[in-house]
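Fold and contact review
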Amino acid sequence: MWGGRYKLGPSEIMEKINASIGFDKRLYAQDIAGSVAHADMLVAQKIITAKDGRAIKAGLAKVKAEIEAGTFKFSTKLEDIHFNVEQRLTDLIGPAGGRLHTARSRNDQVALDVRLWVRDAIDRIEPMLADLQAALIDRAEEYASTIMPGFTHLQTAQPITFGHHLMAYVEMVGRDRSRFADCRKRMNESPLGAAALAGSPHPIDPRKTAKALRFDGPMANSLDAVSDRDYVIEFIAASSMTAVHLSRLSEEIVIWCSAPFRFIALSDAFTTGSSIMPQKRNPDAAELARGKTGRIVGAFVALCMVLKGLPLTYGKDMQEDKEPLFDAADSLELCIAAMAGMVRDLKANPERMRAVASADYSVATDLADWLVREVGLPFRQAHHATGALVAKASEKGVDLGELSLAEMQAVEPAITKGVYGVLTVEASVKARKSLGGTAPANVERAVKEARRRFLGRRG
């Protein structure tokens, strides 16, 4: 590989630490696509002959076919995907294969390959996230009027609807999609033509290769072109935020499935049993999605640490970008698919949800708001009176609506029997009609708007 400079081969341990073919062979399609574009440009610029260009492209097509057929023999002695492909190409077509690397370095080559791979990963993840949104939106519509407790501090706070709760995750996933879209837009520049770091003395046309590879244009600075891995960090950062959202929903699914809650149930498709306890149904898919968040966030931290002290331009440290990148992308795609499956699979228990939503004086805020609205009390005074009524109901072991009018008037004389109209969970959620509120009518409108906004569909 190294021509005349090196007389002896590397030691066994050097070969082992240096080789990346074990993981970067995943870049084969991107590597070959970049080589085809580079060969076409070399021909167009008369840097190599048309005959050599045709031979190179035909040889590359055969190399790709061998890899996809599983007959290609990867060699750690050839270090990486670039040398493995180039060596096989030269074996197939002879000296013309050696002309492919004219005006190119492995530095701009790998920068191109990884950029293409990340772009492809975003293009895979985007429709998966849209599908997850579709699943959430469909279930939100189904459960638009299903009452459940809303929590703060994991304590019952106010009644909400299950549909409204699910729509919160639709918004989160929408932001996730926008982060990936932003990342894709920023990274869509081609580094090819930067060569090792300083550019090329050959009359190359980086705009031609950029256009052929569907980039918006070439990168403006050759040093930045080979050293930039911002887009990898940004991709893993977007993946981390998405994984955090998936983890939050996973945690809620785990809680909702538990016996003390019994809000939902998952089928056999997304649960497992116990080797010793026959009655168990464990929400393992949700737990694993929650757990894989650590791997994805860990990949983000790992790559930041690799890059934090690197001077311009390329250092072999940058070889360490690929394994965390690949692992984060693989983990995220699996988690998104699992979550979409769980959302479609789950069945709610409306009776149990309503029973818990009705407990712990969840309509207390409705009473305070009624005192403000109907009696004209300042909110702080209304809050105090409501607290006193909650204490009285708690002492008696009854709900607020079970206190007599006389008992209420003993705390606040201005209370009338009209107060009983707001002391049910149904009245509570129906009253929350403000923008973004939990009222069933709001949820139904939000479902329609989300289908238009996120999925490009009406109704």
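Everything here concerns the structure above.
What you see is a predicted model, and the numbers here were worked out from it, not measured in a lab.

A look at a negative patch on the surface
Together, Glu189, Asp216, Asp224 and Asp230 line one region of the surface with negative charge. Mapping Asp230 onto the fold places it in helix α10 (residues 230-257). Among the residues examined, Asp230 registers a relative accessible area of 55% and is labelled exposed.

Topic: the nonpolar core
One finds Val118, Phe162, Phe235 and Trp256 to be the most contacted residues of the largest nonpolar core, which totals 93 residues. In terms of residues, this core owes the most to one element, helix α6 (residues 106-142), which gives 15 residues. Core analysis: the next-biggest nonpolar cluster, separate from the first, contains 24 residues, Ala382, Ala385, Leu389 and Val425 among them.

Considerations on the packing of α6 against helix α12 (residues 322-345)
Packing of α6 against α12 brings their axes to within 9 Å, and their N-to-C directions diverge by 15°. On the basis of the axis angle, α6 is roughly parallel to α12. The two elements α6 and α12 cross, and the hand of that crossing is left-handed.

Overview of a nonpolar patch on the surface
A grouping of Met241, Val244, Val297, Val301 and Met305 is seen on the molecular surface, where their side chains present a nonpolar patch of about 360 Å² in accessible area. Listed by contribution, the elements that provide at least two residues to the nonpolar patch are α10 and α11 (284-307). In terms of residue count, the dominant contributor to the nonpolar patch is α11 (three residues). Assignment of secondary structure puts Val244 in helix α10. You can call Val244 partly exposed: its relative accessible area is 30%.

Points about the pattern of salt bridges
Enumeration over the complete set of coordinates arrives at 30 salt bridges. Between Asp268 and Arg281 there is a salt bridge, with the nearest N and O atoms lying 2.6 Å from each other. Residue Asp268 is found in the loop between β3 (264-265) and α11, and its partner Arg281 is found in the loop between β3 and α11; the two are separated by 13 residues along the sequence. Salt bridges sharing common partners tie together Glu79, Asp80, Arg106 and Lys316.

Remarks on helix α15 (residues 379-396)
Helical periodicity: at 3.6 residues per turn, an α-helix aligns residues three or four positions apart in one direction. With 18 residues, α15 extends 26 Å between its outermost C-alpha atoms, agreeing within 8% with the 26 Å of an ideal straight helix rising 1.5 Å per residue. When α15 is considered as a whole, its buried residues turn out to be Ala382, Ala385, Thr386, Leu389, Val390 and Ala393. Down the axis of α15, the buried set is contained in an arc of 145°. They therefore lie on one face. Counted as exposed and oriented over 90 degrees from the buried face of α15: Arg380, His384 and Glu395. Residues of α15 that are buried in the fold lie against α14 (364-375) and α16 (405-411).

Reading the values: rules and limits
Residues numbered from 1 in each chain as written. Predicted model: local features only at pLDDT ≥ 70, side-chain atom pairs only at ≥ 80, totals over all residues. Heavy atoms only, no water. Patch = residues over 30% accessible without salt bridge, like charges linked within 9 Å, V, L, I, M, F, W, Y side chains within 5 Å. Areas by Shrake-Rupley, 256 points an atom, 1.4 Å probe, with all protein chains shown as cover. Salt bridge = Lys/Arg side-chain N within 4 Å of Asp/Glu carboxyl O. Lys, Arg positive; Asp, Glu negative; His and termini not counted. Charge placed at Lys NZ, Arg CZ, Asp CG, Glu CD. Helix = DSSP H or I, 4+ residues; strand = E, 2+ residues; numbered from the N terminus. Buried < 20%, exposed > 50% of the residue type's maximum accessible area, 1.4 Å probe, protein only. Core = buried A, V, L, I, M, F, W, Y, C linked by side-chain atoms within 4.5 Å. Axes fitted to C-alpha atoms, helices over the stretch in contact; angles between N-to-C directions. Parallel < 35°, antiparallel > 145°, perpendicular 65-115°, else oblique. Left-handed = near helix turned anticlockwise from the far one by under 90°. Expected span 1.5 Å × (residues − 1). Arc of directions from axis to C-beta. Contact = heavy atoms within 4.5 Å.

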